[in-house]
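What follows is each chain in one-letter form.
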Amino acid sequence: MEFLLSLPTNTIATTSFAVLLLYLCLRIFTNVLKPNKSKTSPPQAGGAWPLIGHLHLFRGPQPPHITLGKMADKHGPIFKIKLGVRPTLVISDSQIAKECFTTHDKILAGRPAYVALEIMGYNNAMFGFSPYGPYWRYTRKLATIELLSNKRLETFKHIRESEVKNAMKEMYQSWVVHNKSASGHSNHVSVDMSKILGDISSNVTYRAMVGKVYASKGEEDVRWKQVLSEYMKLLSNFSSCDALPFLRWFDFGGLEKSMKRTFKELDNYVEEWLQEHRKKRSSSGDGRIVVEDFMDVMLSIFDNVGEHENFTDYSPHTINKATCMSLLLGASDTTKSTMIWCLSLLLNHPDVLKKVQQELDAHIGPETLVNESDVKSFVYLDAVIKETLRLYSPGPLGLPHEAMEDCTVAGYHVPAGTQLLFNQWKMHQDPNVWEDPSEFKPERFLTTHKDIDFRGRHFEYLPFASGRRICPGISFAHQILMLSLANMLHGFDFTTPNGEPVDMAQVSGGTLIRATPLEALISPRLPGHVYMG
């Protein structure tokens, strides 16, 4: 995750604290002067500062994955950095990644502990961040078999299609209103595509998970969405005590206090949703309901299992909330960002956009929207999405791994407790694998790389990671991406304001996003009744 490389900004003011820092600094240098020479260590990047290590290198607007990519050019495909007291191994090569995700997959399946995930992640109960072990295996199984299986996802087909249709209708109505009032008889209307695509992703995800609509037309931001936004920011915050654990005693800036307050408020909303689900089940008489969202499914499972004997640290109640929150956070933002990057690239490459629309027109008539059963025919659009994920993976560094035991990677000794970052972006830019790697060329996935997919089996292409910790929501995301983009591109012509190229500046937090919202000019390609039907 990109947020792991944010530099702590808290200042040190008291003399006693300075003495403590000096003491720790001396201890660290003492350890450095006594290395274990019997084992070969990976090269360590230069430029480390006392105590904070390499954190200062990640200040400024440049995203961390690009900084680490430039460091790889200098230090090689595997090198060490220090994030405070955390030894961190950075891997930027697909063959080394393959070794990690195959030979050492189990050993490297750990997750490092972070303060935000302890306080705001139900004490690490959110399975994406949970330590490797029985609890993680159980909740991962729940997610993949009970919640994200193809059979289960098929039951949410109506949600995906209805949310896309609602968005198409809203876009068309905006165009109609604009053209009625426009004195210059403009055939285009400017729309905020970041909001529209974000609402589709969030609404589909929230309806599937907890039966809630995230965004309704004309609705002002309600308090729970404001709290959620604050929660996301805090969850993506690398606390100074993550780099220097002893600083947790001081809670500089009140960050931990803010985390506790925000988590409590958001958890009250999640608790309210869960109680609504319980009441709904009770009112049905036999405890069954016609349409189940993920929270309903979890309740059904735990009604049969009760308190699971292997997980005394977490009640079924907590597991339900933590698992749903983990899926909510993991699905909505990443899918949104990929759709926005994809449309941004198409706007900057009108020749590719035209090819996508030609493919859509060849399979879908001018009197209908795209249904989910149609998307399997769109091989060129699928290649466009794959190329977007190569250039703009939603998490260019993925989530960090941690070595649970000593092991040897690429001939180097990796001690237990080492944190590992896989620079997927750098692997996707490897000129030995990808011709003209910085160029947007979807055709590569129809020719030289036609057999490569994003399910973790091809280590030169890992937008969703690989191994035991691979993202379980790949099919869920792919369905939304294909259906949403196919309808948008079939239903509307897109261009940029004033014909200017889209600014592709990026910022990173929990997910790689555009620095500015994506504004586009749209005009309908289909008869009006198609949008309004």
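Residues numbered from 1 in each chain as written. Predicted model: local features only at pLDDT ≥ 70, side-chain atom pairs only at ≥ 80, totals over all residues. Heavy atoms only, no water.

Novice: How should I be thinking about the sheet that holds strand β4 (residues 401–402) in this particular structure?
Specialist: Spatial ordering of the open sheet is given by β1-β2-β7-β4, a layout of 4 strands whose pairing is mixed. For this open sheet the edge positions go to β1 (78–83) and β4, each flanked by a neighbour on one side alone. Its contacts with the sheet place helix α2 (residues 64–75) against β1, β2 (86–91) and β7 (419–422), and it is angled at close to 130° to β1. Across the sheet, helix α3 (residues 94–101) lies against β1, β2, β4 and β7, angled at about 130° from β7, the strand it touches most. (Pairing = 2+ DSSP bridges. Helix = DSSP H or I, 4+ residues; strand = E, 2+ residues; numbered from the N terminus. Contact = heavy atoms within 4.5 Å. Axes fitted to C-alpha atoms, helices over the stretch in contact; angles between N-to-C directions.)

Novice: Looking at this model, I keep getting lost on the packing of aromatic side chains. Mind explaining?
Specialist: Within a pair of aromatic rings, the relevant descriptors are the distance that separates the centres and the angle that separates the planes. By the definition in use, this model includes 17 aromatic pairs. Ring centres of Phe 156 and Phe 294 lie 5.2 Å apart, and the angle between their planes is 55°; on these two criteria the pair is classed as tilted. With Phe 156 in the loop between α6 (150–154) and α7 (157–181) and Phe 294 in helix α12 (residues 294–305), the pair connects residues that are 138 residues apart, well separated along the chain. One aromatic cluster in this structure is built from Tyr 172, Trp 175, Phe 492 and Tyr 531. For the cation-ring pair, Arg 86 lies above Tyr 114, with the distance from its terminal atom to the ring centre recorded as 4.1 Å. Residue placement shows Lys 225 over the ring face of Tyr 214; its charged tip is 5.1 Å from the ring centre. (Phe/Tyr/Trp six-rings, centres within 6.5 Å; stacked < 30°, edge-to-face > 60°. Lys NZ or Arg CZ within 6 Å of the ring centre and 35° of its normal.)

Novice: Just checking my understanding: could you explain the side chain of Ser 344 for this structure?
Specialist: Relative to the elements of secondary structure, Ser 344 occurs in helix α13 (residues 316–348). Note on Ser 344: relative accessible area 0%, which makes it buried. A polar contact of 2.7 Å, which involves the side chain of Ser 344, links it to the backbone oxygen of Ile 340. Beyond its immediate chain neighbours, meaning those up to four positions away, Ser 344 contacts Val 502, Met 504, Arg 514 and Leu 518. (Buried < 20%, exposed > 50% of the residue type's maximum accessible area, 1.4 Å probe, protein only. Polar contact = N/O pair within 3.5 Å; in protein donor to acceptor, adjacent residues only side chain to side chain.)

Novice: Please clarify how the pattern of salt bridges should be interpreted in this entry.
Specialist: One pass over the structure, following the stated rule, counts 22 salt bridges. In this structure, Arg 468 engages Asp 105 in a salt bridge whose closest nitrogen and oxygen atoms are separated by 3.1 Å. In this pair, Arg 468 sits in the loop between α16 (424–427) and α17 (474–491) while Asp 105 sits in the loop between α3 and α4 (115–120), placing the two residues 363 residues apart along the sequence. The exposure class assigned to Arg 468 is partly exposed, which follows from its relative accessible area of 32%. (Salt bridge = Lys/Arg side-chain N within 4 Å of Asp/Glu carboxyl O.)

Novice: Quick question: what am I supposed to make of the sheet that holds strand β11 (residues 519–524) here?
Specialist: Each strand in a sheet pairs with another by means of backbone hydrogen bonds, the pair being arranged parallel or else antiparallel. Reading across from one edge, β3-β11-β8 is the order of the 3 strands in this open sheet, with antiparallel pairing throughout. Two strands bound the open sheet, and with one partner strand each, they are β3 (189–192) and β8 (492–495). Geometrically, the sheet is characterised by an average inter-axis angle of 45° between neighbouring strands, direction not taken into account.

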